[in-house]
Amino acid sequence: GALAEALAGLAADGIDPRAPWGAIQRVATAAGAVAVPGGGSEDVYNAIDSAPRGDGTLAPVAGTSIVLAIELAAGGPPAARGLLVYGQSTEPGSPHADDQLARFRDQRWLALPFTDAQIAADPALVELARAE
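Computed from a predicted model, the values in this text were never measured in an experiment.

**Student:** Let's hear about the nonpolar core: which residues, and what values?
**Tutor:** As a rule of thumb, soluble globular proteins bury nonpolar side chains together. Formed by Val 27, Val 34, Val 36, Ile 48, Val 67, Leu 83, Val 85, Leu 101, Phe 104 and Trp 109, the largest nonpolar core amounts to 10 residues. Those residues in contact with Ile 48 that sit more than four places away from it in its chain are Gln 25, Val 36, Pro 37, Gly 38, Gly 39, Gly 40, Pro 60, Ala 62, Gly 63, Thr 64 and Tyr 86.

**Student:** For the pairing of strand β3 (residues 48-52), give the residues involved together with the corresponding values.
**Tutor:** Here β3 pairs with strand β4 (residues 58-63) via 5 bridges, running antiparallel. Note on β4: the bridge partner recorded for Ser 50 is Pro 60. Counted between consecutive antiparallel strands, the loop separating β3 from β4 contains 5 residues, among which Gly 54 sits at a positive phi close to 95 degrees.

**Student:** An account of the sheet that holds strand β6 (residues 79-84) is requested, with residue identities and associated values reported.
**Tutor:** A sheet is described by the order of its strands in space; here 3 strands give the open sequence β5-β6-β7, paired in antiparallel fashion. Single-partner strands in this sheet number two, and they are β5 (66-71) and β7 (110-112). Shown here is a sheet whose adjacent strand axes are inclined to one another by a mean of 30 degrees, direction ignored. Sheet topology places β6 next to β7; 3 bridges connect them, and they run antiparallel. Paired with Ala 80 across the bridge in β7 is Leu 112.

Conventions adopted
- Residues numbered from 1 in each chain as written.
- Predicted model: local features only at pLDDT ≥ 70, side-chain atom pairs only at ≥ 80, totals over all residues.
- Heavy atoms only, no water.
- Core = buried A, V, L, I, M, F, W, Y, C linked by side-chain atoms within 4.5 Å.
- Buried < 20%, exposed > 50% of the residue type's maximum accessible area, 1.4 Å probe, protein only.
- Contact = heavy atoms within 4.5 Å.
- Pairing = 2+ DSSP bridges.
- Helix = DSSP H or I, 4+ residues; strand = E, 2+ residues; numbered from the N terminus.
- Axes fitted to C-alpha atoms, helices over the stretch in contact; angles between N-to-C directions.

Structure, rendered in structure tokens:
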């Protein structure tokens, strides 16, 4: 059946079906390997497609890149949380190359400011000149 097929597929890729998912699906970062949650199916909320590396692990190659959750509460501004799964930069040497990956793994999403007051209170706020 389906279970036997799944086990055969794992065996063909050298993946131990008893290993914790965090030991299998990982991304190499400057700070070390980080486990990436999620699975490869359009039926999974957090869809991550991975390819076998040949060493019993999987390398994420596609899937969730930004996650957002927005609560619309009566009588107040929306409360938003989210992050960029693989970080804010595609430059490998940048400190932002994978700065949010561990947050994704740990489900520590960032609070996203919404109102002008919340934005102004953000200690990381940088104002740029506006083009007229």
